[in-house]
Amino acid sequence: MEAMMRLYEFGPTRSIRARWTLQELGVEFEPITVYLVAGEHRRPEFLKINPAGKLPVLVDDDLVLTESVAIVLYLAEKYPEKGLLPADLTARAQVNRWLLFAATELEQPLWRISRHGALPGGQAPAGRRGARAPRVQGDGGGARDAPAGPAVRRGRPRHGRGFRDGLHARLGR
Ligand SMILES: N[C@@H](CCC(=O)N[C@@H](CS)C(=O)NCC(=O)O)C(=O)O
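Criteria and cut-off values
Residues numbered from 1 in each chain as written. Predicted model: local features only at pLDDT ≥ 70, side-chain atom pairs only at ≥ 80, totals over all residues. Helix = DSSP H or I, 4+ residues; strand = E, 2+ residues; numbered from the N terminus. Contact = placed C-beta atoms within 7 Å. Pairing = 2+ DSSP bridges. Near = placed C-beta within 6 Å. Nonpolar A, V, L, I, M, F, W, Y, C, P; charged D, E, K, R; others polar. Axes fitted to C-alpha atoms, helices over the stretch in contact; angles between N-to-C directions.

Examining the overall build of the protein
Then comes step 1: A tally of regular secondary structure across the protein gives 6 helices and 4 strands.
Then comes step 2: In the protein, the succession of α and β elements from N to C terminus is β-α-β-α-β-β-α-α-α-α.
Then comes step 3: Pairs at least 24 residues apart make up 64% of the contacts formed inside the protein by residues separated by at least 6 positions.

Right, dumping it as structure tokens:
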């Protein structure tokens with residue numbers, strides 16, 4: 001019998017991408033919480049799994065995989081019958097485009113803004129107001145929602161209408 005996959009994660013971080021994908025696929029996995037806030041990611045036992053001391057990490061048999069987007073793609077390709085990645089080459093190219101856009105264009109500036117930016121009008125951070133991550137629209141290719149959704153959510157309620165509308169216009173919403 002195949003061993004259950006293990007996901008090393010910590011709630012409201014990029015770990016969500018891996019968890020989202022596993023849940024979307026309906027795959028059973030063993031979740032292992034590594035408390036970043038308590039510094040557990042710097043403990044020797046975790047550094048043996050990922051010497052970079054970062055989350056998420058997916059362990060599937062002999063495979064130890066880091067990088068949240070690589071995990072999303074691995075899972076989507078492992079279960080092709082679930083249809084998270086389109087079979088058509090050009091449709092898949094669009095999915096890859098959004099995955100890379102989320103990771104390379106969207107994520108860093110949004111992290112920077114959310115860490116250093118003032119909250120307009122004293123608004124509470126998005127997560128505390130129960131904002132839901134939006135889905136990237138279009139046909140097929142559910143895999144692109146996992147990385148893009150949390151990043152878009154970061155940019156949604158707190159940075160004012162102009163920023164949000166520009167972002168959503170770019171995403172075709
Ligand atoms: N590019 C990596 C980034 C991983 C990463 O930086 N994870 C953060 C949580 S979102 C982390 O583990 N930080 C701990 C640290 O940097 O000490 C990915 O997408 O998986």
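Topic: the pairing of strand β3 (residues 57-60)
Then comes step 1: Pairing analysis gives 3 bridges linking strand β1 (residues 5-9) to β3, with the strands arranged antiparallel. In the strand pairing of β3, L7 is matched with L58.
Then comes step 2: The pairing of β3 with strand β4 (residues 63-66) spans 4 bridges and is classified as antiparallel. Paired with V57 across the two strands is T66, which belongs to β4.
Then comes step 3: Counted along the chain from β3 to the antiparallel partner β4, the turn is 2 residues long, and its residue D61 has a positive phi close to 60°.

Considering the environment of R42
Then comes step 1: Relative to the helices and strands, R42 resides in the loop between β2 (29-33) and α2 (44-49).
Then comes step 2: A sequence separation of 12 residues divides R42 from K54, and the C-alpha atoms of the two residues are 8.7 Å apart.
Then comes step 3: Dropping the residues within four chain positions of it, R42 is found in contact with L47 and G53.

A word on the site of the ligand
Then comes step 1: For the ligand, the full set of nearby residues is T13, R14, L36, H41, G53, K54, L55, E67 and S68.
Then comes step 2: Each residue belonging to the shell around the ligand can be placed in one class, and the counts come to 2 nonpolar, 4 polar and 3 charged.

Points about the sheet that holds β4
Then comes step 1: Pairing is mixed across the open sheet formed by 4 strands, whose spatial order is β2-β1-β3-β4. Among the strands making up the open sheet, the edge pair consists of β2 and β4. Going across the sheet, the axis of each strand differs from the next one's by a mean of 20°, ignoring polarity.
Then comes step 2: Both β1 and β2 contribute to a ladder of 5 bridges, which runs parallel. For L7, the partnering residue across the bridge sits in β2 and is P31.
Then comes step 3: In this fold helix α1 (residues 15-25) packs onto β1, β2 and β3, with an angle of close to 150° to the strand it touches most, β1.

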